[in-house]
Amino acid sequence: MRLKKLSLSLLAAAMVASIGTPAVAQDKKESDPTKEQFIPFLTYRSGPFAAGGSGTASGGEDYLALLNLRDGGINGIKLVWEECDFGYNTDRGVECYERLKARGLKGAPVIQPWSTGVTYALIERSLKDKIPLVSIGYGRTDATDGRVFPYVFPMITNYWNQSSAKLRYIAQLEGGEDKLEGMKIVNLHLKHPYGNETIPVWNKLAEKFGFEVTHIPVPWPGIDQKSLWLQVRQIQPKYVINRNWGVSCTVPLREAARIGFPRERIIGVWWCGSEEDVIPAGAAAKGYITAAFHAAGRDIPVIQEIFEVVYGQMKGNISAARVGSVYYNRGVVTAIVVTEAIRLAHTKYGVGPIGGEEMQWALENLDITEARIKEIGAEGLMPPTKISCFDHEGGGSVRFQQWDGSKWNMITGWIPPYKDLVREMIEASAAKYAKEKGITPRDCPPA
Amino acid sequence: MLYREAGQFKTSYDADMAIFPIAQDRWGMIAIVVIAVVIIPLFTSDYIMGSLMIPFLIWGLSAIGLNILTGYAGQLSLGHGGFMAVGGFAAYNLAVRVPEIPILGTFIIAGLIAAAVGVVFGLPSLRIKGFYLAVTTLAAQFFIEWVFANFPWFTGGTMSMTLDTPSMVVFGYAIESTRDHYLLTLGIVLVLTLAAKNMVRSQLGRAWMAIRDMDVAAEVIGIRPLRTKLTAFAVSSFYAGVAGALYAFAFLKSLDITAYDLFRSFLVLFMIIIGGLGSILGSFLGAAFIILLPIFINVVAHNFSDQIKPDFITNAELMIFGGLIIFFLIVEPFGLARLWMTAKEKLRLWPFPH
């Protein structure tokens, strides 16, 4: 009984103490809010997708740390950030957004959810709060139509363009688009908003080129896919699209090895194309191909600089071994896009903290040229990107990489998507959304 | 001292059977309601209302639903998340396809549809008990998830499975700000909580408890097991359905089936186990513990983010949370509500413990 009382009072004391601490902790930091730019990080360092969440967040933070350590921030404005871990749960993601959106002098300039589910949940909130929702390489595809979605930026390349680029790549491998006729393709997708996102575009492409696509949904979280691969064996497709996420990316490689399906004919989404996805599959992963919108590896100048400067001063946010991995570099790419937009906003609104509305203008006028990429030291890491009010994607081409058993090698140049077809679908879908929501699309000149 | 009841005389049966027979409890409850209705909307930020209070209230409501079924009627269910999904999808389809129905009516009909589904899946409970019933309700969870994921009719034909919920208008007043959403949620939760509290004190609630404590004896004294169990399933699923609809409409403002997965069913079950089986108060205490405590740990830990690595903070949240669950289950296996009951009994006798 005494122990119970003692432990209860200890617990109560601990709770009271922890409520008291925030004030203390804040006093300690000396900071001038007019010289600081706040950037929120939504992440997931726990749960089945931790490999993705920890890599992307740490890559982004490390790039910001590099700017702080090397240049003293952007034009003298120090970059500060705060993480919020939501474990890939949509409800916690919304809570994180609400928690971080008002931090800093002018609030959060961007929000990057790193989750298609959270992206969908934030579309209306971010519009109301006027905070650009930047989803690089994921999210709601039809938000590419900036006339209907002024505050959503599915930048660099979206899922529909990626899928159509995959088909163009398949056509290249087969020796021409006419060879697609009658071909069988299986779209193995996670049964989740993210996994279902590309079903319409595959149907449309199948209709246009006369191939046969079978959608096989993978039940969440996709650890057991034996019965699905029996189905694949019955269908005998020429290619299998691996549209999974986290642990469910690795399983198809082992299953394919078991039934003897060549790994060279499994084409993965870029969320299934990291070291963490293939190493657990061991030899079964050799030859596996995935799409990519940025390069992996440490021999890119900016990544090397992060390694030397940030990790040299022990300021890194993740174990040094993961610097240069696919997800890590993806985080760096997104941080480059965000910081370049902040730079652009400084030219119009003056040097100082940037808020959401200013950032929206900057993102919409962002033009990261080949020359600028070279200046940053990111040549080969990311493609040139030019955003406009009409087109919130600003790129669309993807490359393909192959796993050779120890590292990812780029095997193609930039392969363009079937942009006209995809744009048509995007506009139709966005127009439907605008009608449902009573939005009058903005008037933007087609780029 | 707090609970000096001297001078409180009950002069009628009504006074003796009131929900809060002790005056201090009555005043305490009035104070809580005033805080919730007046103080919180006037003096707190959108973050506290929208991200802490709304989910707390919604999960509290959902936990009341499961508590009625599991805590009061003794029928273990793992399909609660599925019944919430039925409510969410029913409300969405009603609001989109029949926009003429006012939104409160939509929520009620959505609850009734969830209740009907709950009754269907509750039918085996007459023959199956305990863990075996948990398995059949688990089947309900998977079946409901499968239906909403595979029949595009329910999602209005969108392939991505994620839907934006339509805007809400209550008696001509458009629900727009976080405060509006909070007050709408609070109103519904207050009414349904009062209804639940009265239900469990009524003949129906006593029949549920009789079935829970010994179904053969209950049958002997004239309680019809099938009807009693099915009403428990119906009422429980009604609460789940309304909570599911509110979760989509008032909190996430989007609807997708992954928000109601099996993990949610477990979450509600943990809420009532930690909060206290067979207690309305316990449902809210459990919801606060499961929903608010991790956020609280996370926020506190982030104040030390200069000194602690971010991945450690994430794992610390899980470790502290898990540790506290074990701690409370050891200290008080009957839940937080029992902890409060014990404290209250002591306070009533204080300073004369015997």
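Novice: Quick rundown of the state of the cysteines? Include the residues and the values.
Specialist: Residue and element names in this part refer to chain A. This structure, assessed with the given rule, holds three disulfides over all chains. Linked covalently through their sulfurs, Cys-84 and Cys-96 form a disulfide whose S-S length is 2.0 Å. Measuring handedness by torsion sign, the sulfur bridge of Cys-84 and Cys-96 sits at about -70° and is left-handed. Of the two residues, Cys-84 sits in strand S2 (residues 78-85) while Cys-96 sits in helix H3 (residues 90-100), which places them 12 residues apart along the sequence. For Cys-96, a relative accessible area of 0% puts it in the buried group. Paired through a disulfide, Cys-389 and Cys-444 show a sulfur-sulfur distance of 1.7 Å. You can see Cys-389 sitting in the loop between strand S11 (385-386) and strand S12 (399-403) and its partner Cys-444 sitting in the segment after helix H15 (419-437), a full 55 residues away along the chain. For the residue pair Cys-389 and Cys-444, the accessibility class agrees, reading buried in each case.

Novice: Hey, could you go over the domain arrangement of chain A for me, with residue numbers and the actual values?
Specialist: By a frequent convention, interface size equals the accessible area lost on bringing the separate parts together. Residues and elements named next belong to chain A. Assigned domains of chain A: these are domain 1 (32-157 + 297-396) and domain 2 (160-292 + 401-423). Centre-to-centre, using C-alpha coordinates, domain 1 lies 27 Å away from domain 2. Both sides together, the interface formed by domain 1 and domain 2 hides about 2200 Å², and carbon and sulfur atoms give 58% of it. Looking at the side of domain 1 facing domain 2, the largest losses of area belong to Phe-49, Thr-141 and Tyr-327, adding up to 25% of the total buried there. Connecting domain 1 to domain 2 are two salt bridges. The salt bridge partner of Arg-322 is Glu-276, with a shortest N-O separation of 3.1 Å. Our count for the domain 1 to domain 2 interface comes out at 12 residue pairs in polar contact (both at pLDDT 80 or more). For the side of domain 1 that touches domain 2, the secondary-structure elements that each account for two or more residues are helix H2 (50-71), helix H4 (116-129) and helix H12 (326-349). Sorting elements by how many residues they give to the side of domain 1 that touches domain 2 places H12 first, with three residues.

What counts and how
- Residues numbered from 1 in each chain as written.
- Chains lettered and ligands numbered in written order.
- Predicted model: local features only at pLDDT ≥ 70, side-chain atom pairs only at ≥ 80, totals over all residues.
- Heavy atoms only, no water.
- Disulfide = S-S within 2.5 Å.
- Helix = DSSP H or I, 4+ residues; strand = E, 2+ residues; numbered from the N terminus.
- Buried < 20%, exposed > 50% of the residue type's maximum accessible area, 1.4 Å probe, protein only.
- Domains from an automatic or database assignment.
- Buried area = accessible area lost by both parts, 1.4 Å probe.
- Salt bridge = Lys/Arg side-chain N within 4 Å of Asp/Glu carboxyl O.
- Polar contact = N/O pair within 3.5 Å; in protein donor to acceptor, adjacent residues only side chain to side chain.

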